[in-house]
Amino acid sequence: MRLVKLIANLGYGSRKQVQQMFREGRITDADGEVLYADDKLEHEAIRVDGEPLDPKAGMILMLHKPAGYTCSTKDQGRLIYDLLPPRFRERAPVLSTVGRLDRDTSGMLLMTDDGALLHRIISPKSKLSKVYEAELAQDLSGNEAALFASGTLLLESEKTPLLPAELNVHDPRHAQLVLHEGRYHQVRRMFAATGNHVASLHRSRIGGLSLDGLEEGQWRMLTAADLDTLFAA
């Protein structure tokens with residue numbers, strides 16, 4: 001792939017803009033030697049404004065999503081892409097969320113431009129659990145754990161009961177819920193089915209991966225070892 005197309009696909013600009021970057025000497029090798037558009041060089045050896053190129057297609061990152069941000073590129077208000085380098089929004093293939101968190105939910109969000117990896121993570125065959133911490137508007141009644149674990153709970157407007165889920169109660173208004181599927185607003189709808197309301201919701205883990213000290217609003221690239229940890233659970 002020609003360097004102009006490679007760098008444009010990573011979101012650094014249109015092909016015309018990237019060509020201008022070459023003319024300005026902004027694209028160099030690791031030793032600072034100016035590159036030309038027809039040069040052939042390994043991805044890892046290319047620098048833009050002195051910084052290594054972003055990972056090529058196939059990258060995956062973890063974002064600690066704050067509440068108040070929407071998983072979209074087009075909605076009004078604060079978007080998760082505002083928390084990332086602007087060029088990430090322009091990558092081709094597109095950088096997509098692996099599932100979604102609603103605007104009012106915080107916590108772990110995975111994003112990738114690898115379609116096969118995305119589908120592997122969200123596939124029911126992967127059996128990846130998702131762990132949520134919920135603060136409730138009312139005290140728990142005490143029968144929620146048995147109901148959620150029963151495999152018989154049917155949400156409004158649905159025809160298939162939920163898979164069994166594990167509820168671990170911290171105190172009357174705080175609980176951890178472990179899901180093995182991902183339906184629309186599932187946690188909120190599960191508690192609504194018991195007559196309660198989720199005041200705040202946070203996803204702390206997917207599979208074997210946790211946020212592990214990643215601060216709210218921050219992100220990091222995942223490594224092959226991270227992916228092994230994700231699927232190991």
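So, here's what we can say about the structure. (Residues numbered from 1 in each chain as written. Predicted model: local features only at pLDDT ≥ 70, side-chain atom pairs only at ≥ 80, totals over all residues. Heavy atoms only, no water.)

1. Topic: the pattern of salt bridges
Following the criterion strictly, the structure yields 12 salt bridges and no others. Residues arginine 91 and aspartate 113 are paired through a salt bridge, measuring 2.8 Å at the closest nitrogen-oxygen approach. Of the two residues, arginine 91 is situated in the loop between strand 4 (60-65) and strand 5 (96-97) and aspartate 113 in the loop between strand 6 (105-112) and helix 3 (115-122); the sequence distance between them amounts to 22 residues. As far as the burial class goes, arginine 91 and aspartate 113 line up, both buried. Taking the shortest distance from any N to any O, the salt bridge between aspartate 226 and arginine 220 comes out at 2.8 Å. In this structure, a network of salt bridges that share partners links the residues Glu158, Glu181, Arg183 and Arg189. (Salt bridge = Lys/Arg side-chain N within 4 Å of Asp/Glu carboxyl O. Helix = DSSP H or I, 4+ residues; strand = E, 2+ residues; numbered from the N terminus. Buried < 20%, exposed > 50% of the residue type's maximum accessible area, 1.4 Å probe, protein only.)

2. Here we look at the packing of helix 3 against helix 6 (residues 224-232)
The geometry of helix 3 relative to helix 6 is characterised by a closest axis approach of 11 Å and an angle of 25 degrees between their N-to-C directions. Comparing the axis directions of helix 3 and helix 6 gives the class roughly parallel. Here helix 3 runs over helix 6; the crossing is left-handed. Facing Leu117, Arg120 and Ile121 of helix 3, the residues of helix 6 in contact are Leu227, Leu230 and Phe231. (Axes fitted to C-alpha atoms, helices over the stretch in contact; angles between N-to-C directions. Parallel < 35°, antiparallel > 145°, perpendicular 65-115°, else oblique. Left-handed = near helix turned anticlockwise from the far one by under 90°. Contact = heavy atoms within 4.5 Å.)

3. With respect to helix 6
Regarding helix 6, the residues found buried are Asp226, Leu227 and Leu230. Taken down its axis, helix 6 places every buried residue within 100 degrees of arc, on the same side. Seen from the buried face of helix 6, the exposed residues on the opposite side, beyond 90 degrees, are Ala224, Asp228 and Ala232. Among the structural elements, strand 4, strand 6, helix 3, strand 10 (198-206), strand 11 (209-210) and strand 12 (219-221) are those in contact with the buried residues of helix 6. (Arc of directions from axis to C-beta.)

4. Digging into the packing of aromatic side chains
Summed over all chains, the structure comprises two aromatic pairs. For the pair phenylalanine 88 and tryptophan 219, a centre-to-centre distance of 5.4 Å together with 65 degrees between the ring planes defines the contact as edge-to-face. Residue phenylalanine 88 is located in the loop between strand 4 and strand 5, and its partner tryptophan 219 is located in strand 12; the two are separated by 131 residues in the primary sequence. According to the relative accessible area criterion, tryptophan 219 is partly exposed, its value standing at 27%. (Phe/Tyr/Trp six-rings, centres within 6.5 Å; stacked < 30°, edge-to-face > 60°.)

5. Here's the deal with the nonpolar core
Membership of the largest hydrophobic core comes to 32 residues, with the highest contact counts inside it found for Leu61, Ile80, Met111, Phe148, Leu177, Met190 and Phe191. Of all the secondary-structure elements, those providing two or more residues to this core are strand 4, strand 6, strand 7 (130-136), strand 9 (174-179), helix 5 (186-192) and strand 10. Ignoring any residue separated from it by four or fewer positions in sequence, one finds leucine 61 in contact with Leu84, Phe88, Leu95, Leu109, Leu110, Met111, Trp219, Arg220, Met221 and Leu222. Of all hydrophobic cores here, the second largest spans 16 residues; its members include Met108, Leu110, Ile121 and Leu230. (Core = buried A, V, L, I, M, F, W, Y, C linked by side-chain atoms within 4.5 Å.)

6. Side note on the pairing of strand 9
Burial runs high along strand 9: five of the six residues are buried. For strand 7 and strand 9, the ladder comprises six bridges, and the chain directions are antiparallel. Each bridged residue has a counterpart across the sheet, and for glutamate 135 the counterpart in strand 9 is histidine 174. The turn linking strand 8 (residues 166-171) back onto strand 9 is made up of two residues. (Pairing = 2+ DSSP bridges.)

7. Things to note about helix 3
Within helix 3, burial applies to Leu117, Leu118 and Ile121. Considered in projection along helix 3, the buried side chains sweep an arc of 105 degrees and stay on one side of the axis. Residues of helix 3 that are exposed and point more than 90 degrees away from the buried face comprise Ala116 and His119. Lining the buried residues of helix 3 we find strand 4, strand 5, strand 6 and helix 6. Capping the start of helix 3, aspartate 114 holds a side-chain oxygen 3.1 Å from the backbone nitrogen of alanine 116, two or three residues further along. (Polar contact = N/O pair within 3.5 Å; in protein donor to acceptor, adjacent residues only side chain to side chain.)

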